[in-house]
Amino acid sequence: MRSHRRSRLLAPFLLVPLTAGCFASGGGGDSASGDGNDDDGARLRVALAFPPAENLSPYGADATLLSRLGVTEGLTALDANGSAAPALAESWRRDGEKTWEFTLRDATFQDGGDVTPAAVAASLTRATEAKPAPAALAGVTLDAKASGDRVVRVTTAEPDPVLPLRLSSPGLAILSENAYGESDRVDPVGHATGPFELTEVNGATSASLDRFDDYWGGRAQASGIDARFIADGTARANALRTGELDIAEAVPVAQAASLDEKTRRDTATTRTTSLLLNASSGTFKDAGLRAAARAALDTSVFAKDVYEGYGDPGAGVYGPAVTWAEGKRTAPVGRAVAKKPGDGDTITLATYDNRPELPEVAQVVKQQLEKAGFTVKLTVREYSRLEGDALDGKFDAFVLARNTLLDTGDPVAVLASDYTCDGGFNIAQLCDEGVDRAVAEAERIADTAKRQDAAMAAEARILGSDAVVPLVHQRIITGVADSVQGVILDPYERTLVGTGTRR
């Protein structure tokens, strides 16, 4: 049932090419200045919250790390509105129900080879063969073929109206043939297409990147990046404050006040922190007890107190950064009547400490559930030591911070992955025929507005199951030194530095 597993922690859409700038390329601004001379530009000192977890595989959690540092890119990207926008493909068109043609721009791999239709088709084919499959390809059968000098034809087994959006996923980045050796490991170092090229990776500690001067989108203004992986949010904030860093991602809300106001940038994101209740076993297999747990939670306190105003109260699967959702949201469907918890209703609540607010969120949830009559045991671990048990349904409840549009940019995809019987990231263990039907109906719709309506109808059924209780929609705090310009504040959390990022 849970065959397509993949770490996920690390919008409206229009399926035609846009001319608006996409997050992937960043850009603009004057010539850089700083530690280097004006021609070369200064190097950027960047701290990331999550270290490489899978040897920089482009198919897992590390894919987002690579895209945030400007190393990798796909055929398409997401623009500021969450729409599919040109990246390595300058345009595309649909040819029948199951095939799309992507016309490539002139671009070069970091190892010197041309980005050709054959190279792109081979890279996408490798992604389809990855075990486990990239999250964006969960449940999708895809075949890519070169067609002429500039065109790649991508055919799916079933009609896929959001394929251009799907191909924007960081997990479907295009790499050169040299990235694929005889082993299953894929090496992105020096084999990608982005404005910055990885030159050295020091395990889970640091990485060095140099500017890729032949980048199709123009020469980056910074000469390179010195990246450090610092899991401790307080340490990231301190390093920024003392001048050791230029950019610190994911500053904890508890540290925000310690930074000068000019160095704090908060951005509404598509990340929602929710309480997931195990709907297939244990106490919360009973829908009435799930309803009791949901009714016991005062979600207003999370945005106000735990996130200190850097968040919005939980309204649904999608938050305010998904700008169309609020106007289309309908009341939950099919909610059970709440039952009073009994003496034997002991639950195990789990979360992880990679995101420092989550243990505090879990403590508040624990207190509120106990006040309602539940007996709660809290487990907190590092995420990599928790995910397997969570996916296996070993916890009764789980506090999760989930970027709902990270994997594909398609709002329906997260519903299929997280809340259907065969979903690959179904921590809630939900298997409901009504939910599955609603999600399947939404997946078949190509029209943008109608697909959004169908997604919200499916959301109403999911919320009605009480297997998920949205707690807060996060605003991410990025620390940016006064001397730095052009940092990309991306609500989808896919990009951070681009050609115009400089100091």
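Everything that follows concerns the structure shown earlier in this document.
Here the structure is a predicted model, which means the values were calculated and not measured.

Calculation rules
- Residues numbered from 1 in each chain as written.
- Predicted model: local features only at pLDDT ≥ 70, side-chain atom pairs only at ≥ 80, totals over all residues.
- Heavy atoms only, no water.
- Pairing = 2+ DSSP bridges.
- Helix = DSSP H or I, 4+ residues; strand = E, 2+ residues; numbered from the N terminus.
- Disulfide = S-S within 2.5 Å.
- Buried < 20%, exposed > 50% of the residue type's maximum accessible area, 1.4 Å probe, protein only.
- Salt bridge = Lys/Arg side-chain N within 4 Å of Asp/Glu carboxyl O.
- Axes fitted to C-alpha atoms, helices over the stretch in contact; angles between N-to-C directions.
- Parallel < 35°, antiparallel > 145°, perpendicular 65-115°, else oblique.
- Left-handed = near helix turned anticlockwise from the far one by under 90°.
- Contact = heavy atoms within 4.5 Å.
- Nonpolar A, V, L, I, M, F, W, Y, C, P; charged D, E, K, R; others polar.
- Expected span 1.5 Å × (residues − 1).

## Here we look at the pairing of strand 1 (residues 43-48)
Regular strands place their side chains on alternate faces of the sheet. As defined by bridge partners, strand 1 adjoins strand 10 (residues 224-229) across 6 bridges and the pair is classed as parallel. Bridge pairing in strand 10 places Leu48 opposite Phe229. Here 2 bridges tie strand 1 to strand 11 (residues 247-248), and the two strands are oriented parallel to one another. Paired with Val46 across the two strands is Ile247, which belongs to strand 11.

## Quick look at the state of the cysteines
Disulfides are covalent bonds that connect the sulfur atoms of two cysteines. Scanning the model with the defined rule gives 1 disulfide in all. Across the disulfide from Cys421 sits Cys431; the S-S distance is 2.0 Å. Measuring handedness by torsion sign, the sulfur bridge of Cys421 and Cys431 sits at about 100° and is right-handed. Within this pair, whereas Cys421 is found in the loop between helix 11 (411-419) and helix 12 (433-443), its partner Cys431 is found in the loop between helix 11 and helix 12, the two being separated by 10 residues in sequence. The exposure class assigned to Cys421 is buried, which follows from its relative accessible area of 14%.

## Description of unusual backbone geometry
Between Lys131 and Pro132 the backbone carries a cis peptide bond, its omega angle lying at -10°. You can see Pro132 is positioned in the loop between helix 2 (117-129) and strand 6 (142-147). Backbone geometry places Leu56, a non-glycine residue, at a positive phi of 60°. Tracing the backbone through its elements, the reader meets Leu56 in the loop between strand 1 and helix 1 (62-68). Taking relative accessible area as the criterion, Leu56 reaches 6% and is therefore assigned buried. Residues other than glycine seldom take positive phi values, yet Gln429 does so here, at roughly 55°. Its location among the elements puts Gln429 in the loop between helix 11 and helix 12.

## A few points about the environment of Ala438
Relative to the helices and strands, Ala438 is located in helix 12. Judged by its relative accessible area of 13%, Ala438 falls in the buried class. Linking Ala438 and Ile462, residues 24 residues apart in sequence, is a C-alpha distance of 9.4 Å.

## Description of the pattern of salt bridges
A pair can form between side chains of opposite charge whenever their charged atoms are brought close. Scanning the model with the defined rule gives 29 salt bridges in all. Across the pair Glu90 and Arg150 runs a salt bridge whose closest N-O atoms are separated by 2.3 Å. A residue pair is termed long-range when its members are at least 10 positions apart, and Glu90 in strand 4 (residues 89-94) and Arg150 in the loop between strand 6 and strand 7 (151-156) qualify at 60 residues. Look at Glu90 and you get partly exposed, because its relative accessible area is 33%. Of the charged contacts, one joins Glu433 and Arg437 as a salt bridge, the two residues approaching to 4.0 Å between their closest N and O atoms. Of this pair, Glu433 and Arg437 are both found in helix 12, 4 residues apart, which corresponds to roughly one turn of the helix. A single salt-bridge network, built from bridges that share partners, covers Arg93, Asp95, Glu101 and Arg153.

## Some points on the sheet that holds strand 7
In a beta sheet, neighbouring strands are held together by backbone hydrogen bonds and run either parallel or antiparallel to one another. Pairing in this open sheet of 4 strands is antiparallel, and the strands run 4-5-7-6 from one edge to the other. Two strands close off the open sheet at either side, each with one partner strand: strand 4 and strand 6. Here the strands of the sheet are splayed against their neighbours by 20° on average, with no regard to which way each runs. Where strand 6 lies against strand 7, 6 bridges are found, and the strand directions are antiparallel. Counted as the bridge partner of Ser147 is Val151 from strand 7.

## With respect to the packing of helix 11 against helix 12
Relative to each other, helix 11 and helix 12 sit at 150°, their axes nearing to 9 Å. With respect to each other, helix 11 and helix 12 are oriented roughly antiparallel. The crossing of helix 11 and helix 12 is left-handed. Note on element contacts: helix 12 touches helix 11 through Val435, Asp436, Val439, Ala442 and Glu443, opposite Val412, Leu415, Ala416 and Tyr419. Taken together, the residues of the contact of helix 11 with helix 12 break down into 7 nonpolar, no polar and 2 charged.

## Focus: the side chain of Glu459
Mapped onto the elements of the fold, Glu459 is located in helix 13 (residues 448-464). For Glu459, a relative accessible area of 0% puts it in the buried group.

## Some remarks on the packing of helix 11 against helix 13
Contact geometry for helix 11 and helix 13: axes closest at 9 Å, N-to-C directions at 25°. Classified by the angle their axes make, helix 11 and helix 13 are roughly parallel. Our pair here, helix 11 against helix 13, has a crossing hand that is left-handed. Together, Val412, Leu415 and Tyr419 of helix 11 and Arg451, Ala455, Ala458, Glu459 and Ile462 of helix 13 make up the contact between the two elements. Residues that form the contact of helix 11 with helix 13 fall into these classes: 6 nonpolar, no polar and 2 charged.

## Points about helix 9 (residues 357-371)
Given a rise of 1.5 Å per residue, 15 residues ought to cover 21 Å, and the 22 Å separating the end C-alpha atoms of helix 9 matches this to within 8%. Of all the positions in helix 9, only Glu357, Leu358, Pro359, Val361, Ala362, Val364, Val365, Lys366, Gln368 and Leu369 are classed as buried.

## A few points about the side chain of Thr478
Structurally, Thr478 is set in strand 17 (residues 468-480). Given a relative accessible area of 4%, Thr478 falls into the buried group. Residues within four places of Thr478 in sequence aside, it is in contact with Ile247, Ala248, Val251, Thr263, Arg264, Arg265, Val487, Leu489 and Leu496.

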